[in-house]
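Observations on the model geometry
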Amino acid sequence: MKRLVILISGRGSNMEAIVKACKAEGWPAEVAAVISNRPDAGGLQFAAQHGIATAVVDHKAYASREDFDAELAQVIDGFAPDLVVLAGFMRILTPGFTARYARRMLNIHPSLLPAFTGLHTHERAIEMGCKIAGVTVHFVTAELDHGAIVMQAVVPVLPGDDAKALSARVLTAEHRIYPQSVRWFVEGALVWDGEVVRHRDGAPQHLFLG
């Protein structure tokens, strides 16, 4: 059984999707803990209600990013994870932290990387007149919103869309491809080809949603 630790900063809707899929689909894995940098993160209550251990490492209590990351790593390692999953974890991680979990830490970003790294992805896509938008699951590296792509989903940008409408459409896609990507990891279905990640059996690593 693979052990998963999920990091959140807010409501944790992707965390919920992963927890539910893990149980419903009978993955060879368990969510060992949900950890937040915010004591008021709504997702902590969901995790506790589902019998999952929770912990808080409040970034405001640490003088530096390095100090926070060091404590966070200690808490994470206490749960002996095979995979660390960032699910709306709104902290930029230090190179030392990302190196510690190299090739065993996933993130989800609401754009079709490498386009629109960073924040305000939906606003920027609309401002640029993009006809499609989407979401990317990728392994985490020291460079923000980079790293090997595991899976992407594409959604249309519709006439009259604002950031809220596009965000909701993208979030639906997130809830489909993030659990799938995590499942592939725990089943050992992801293989590295240099710096590129492929599915062992050639399963499609993309999803198109109308």
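See the structure above.
Remember, predicted model here, so these are calculated numbers, not experimental data.

Before going further, it helps to spend a moment on the side chain of aspartate 145. Looking at where aspartate 145 falls in the secondary structure, it is placed in the loop between β6 (132–139) and β7 (149–156). At 7.2 Å, arginine 124 is the nearest oppositely charged side chain to aspartate 145, a buried residue that forms no salt bridge. There is a polar contact of 3.4 Å between the side chain of aspartate 145 and the side chain of histidine 109. If we skip the residues at most four places from it in the chain, aspartate 145 touches Asn107, His109, Leu113, Thr117, Gly118 and His138.

Attention shifts here to the pairing of strand β9 (residues 196–199). Every second residue of β9 is oriented toward a common face, the buried set being Val197 and His199 and the non-buried set Val196 and Arg198. Inspection of the sheet shows strand β8 (residues 190–193) paired to β9 by four bridges, in the antiparallel sense. When the bridges of β9 are listed, aspartate 193 appears paired with valine 196. Between β8 and the antiparallel strand that follows it, β9, lie two residues; glycine 194 among them carries a positive phi value of about 70 degrees.

With that out of the way, let us pick up the packing of aromatic side chains. In the structure shown here, the tally under the stated rule is four aromatic pairs. When the ring of phenylalanine 139 is compared with that of phenylalanine 185, the centres are 6.4 Å apart and the planes differ by 55 degrees; the resulting orientation is tilted. Taken together, the residues span a long stretch of sequence, with phenylalanine 139 in strand β6 and phenylalanine 185 in helix α6 (residues 163–186) at a distance of 46 residues. Classification of phenylalanine 139 by relative accessible area gives buried; the value is 2%.

Next up on the list: the packing of helix α1 (residues 13–24) against α6. For the pair α1 and α6, interaxial distance at closest approach is 9 Å and the crossing angle is 45 degrees. Viewed along their axes, α1 and α6 adopt a mutual orientation that is oblique. Taken as a pair, α1 and α6 cross one another with a handedness that is right-handed. Together, Ser13, Asn14, Ala17, Ile18 and Ala21 of α1 and Leu171, Glu174, His175, Tyr178, Pro179 and Val182 of α6 make up the contact between the two elements. Partitioned by chemical class, the residues of the contact of α1 with α6 number seven nonpolar, three polar and one charged.

A few words now on the sheet that holds strand β2 (residues 29–36). Taken in spatial order, the eight strands make up an open sheet running β3-β2-β1-β4-β5-β6-β7-β10, and their pairing is mixed. If you trace the sheet from one side to the other, it starts and ends with β3 (53–56) and β10 (206–208), each paired once. The average angle at which neighbouring strand axes cross in this sheet is 20 degrees, direction not considered. Summarising the sheet, β7 and β10 pair through three bridges and their orientation is parallel.

With omega at 15 degrees, the peptide bond leading from leucine 113 into proline 114 counts as cis. As for its position among the elements, proline 114 is in the loop between β5 (105–109) and α5 (121–127). Non-glycine residue alanine 80 carries a positive phi angle of around 50 degrees. By the element assignment, alanine 80 lies in the loop between α3 (65–77) and β4 (83–86). For alanine 80, a relative accessible area of 46% translates into the label partly exposed.

What follows is about the nonpolar core. Nonpolar side chains tend toward joint burial in soluble globular proteins. Among the nonpolar cores identified, the biggest contains 47 residues, and Ile6, Trp27, Val34, Tyr178 and Val182 are the most heavily contacted of them. Tallying contributions element by element places α6 first for this core, with nine residues. Residues in contact with tryptophan 27, not counting those within four places in the same chain, are Met1, Leu4, Ile18, Ala21, Cys22, Pro179, Val182, Arg183 and Val186. Core analysis: the second largest hydrophobic core is formed by 21 residues, Leu7, Ala33, Ala73 and Leu86 among them.

On to the side chain of serine 36, then. Within the secondary structure layout, serine 36 lies in strand β2. A polar contact is formed between the side chain of serine 36 and the backbone oxygen of isoleucine 8, at a distance of 3.1 Å. At a separation of 2.9 Å, a polar atom in the side chain of serine 36 contacts the main-chain amide nitrogen of arginine 38. Excluding its chain neighbours within four sequence positions, the residues that come into contact with serine 36 are Ile8, Ser9, Ala41, Leu44, Ala55, Val56 and Val57.

Criteria and thresholds
- Along each chain, residues carry numbers from 1 onward, in the same order as the chain's sequence is written.
- Selection of residues for local features in this predicted model requires a pLDDT of at least 70, selection of side-chain atom pairs for listing and counting requires 80 or more, and totals for whole chains, interfaces and linings are taken over all residues.
- The side-chain figures draw on all heavy atoms in the structure; neither hydrogens nor water molecules are used.
- In this description a helix means any DSSP run of H or I spanning at least four residues, a strand means any run of E spanning at least two, and both kinds are numbered starting from the N terminus.
- Note on exposure labels: buried denotes an accessible area under 20% of the residue type's maximum, exposed denotes more than 50%, and partly exposed covers the range between, all computed with a 1.4 Å probe on protein chains only.
- Here the positive residues are Lys and Arg and the negative ones are Asp and Glu; neither His nor the chain ends is included.
- Whenever a carboxyl oxygen of Asp or Glu lies within 4 Å of a side-chain nitrogen of Lys or Arg, that contact is scored as a salt bridge.
- Any N or O atom pair separated by 3.5 Å or less is treated as a polar contact, with the protein-specific requirement of one donor-capable and one acceptor-capable atom, and with residues adjacent in sequence counted only for side-chain atom pairs.
- Note on contacts: a residue pair qualifies if any of its non-hydrogen atoms lie within 4.5 Å across the two residues.
- What makes two strands pair is DSSP finding at least two bridges between them.
- A pair of aromatic rings is counted whenever rings of Phe, Tyr or Trp (Trp by its six-membered ring) have centres within 6.5 Å, and the orientation is called stacked for planes under 30 degrees apart, edge-to-face for over 60 and tilted otherwise.
- The axes used here are C-alpha line fits, helices contributing only the stretch in contact, and every angle between their N-to-C directions lies in the interval 0 to 180 degrees.
- An angle below 35 degrees is read as roughly parallel, one above 145 as roughly antiparallel, one from 65 to 115 as roughly perpendicular, and any other as oblique.
- A clockwise turn of the near helix away from the far one marks a right-handed crossing, whereas an anticlockwise turn of less than a right angle marks a left-handed crossing.
- For this classification, the nonpolar set comprises Ala, Val, Leu, Ile, Met, Phe, Trp, Tyr, Cys and Pro, the charged set comprises Asp, Glu, Lys and Arg, and every other residue, Gly included, is treated as polar.
- In these notes, a set of buried Ala, Val, Leu, Ile, Met, Phe, Trp, Tyr and Cys residues joined through side-chain atoms within 4.5 Å is what counts as a nonpolar core.

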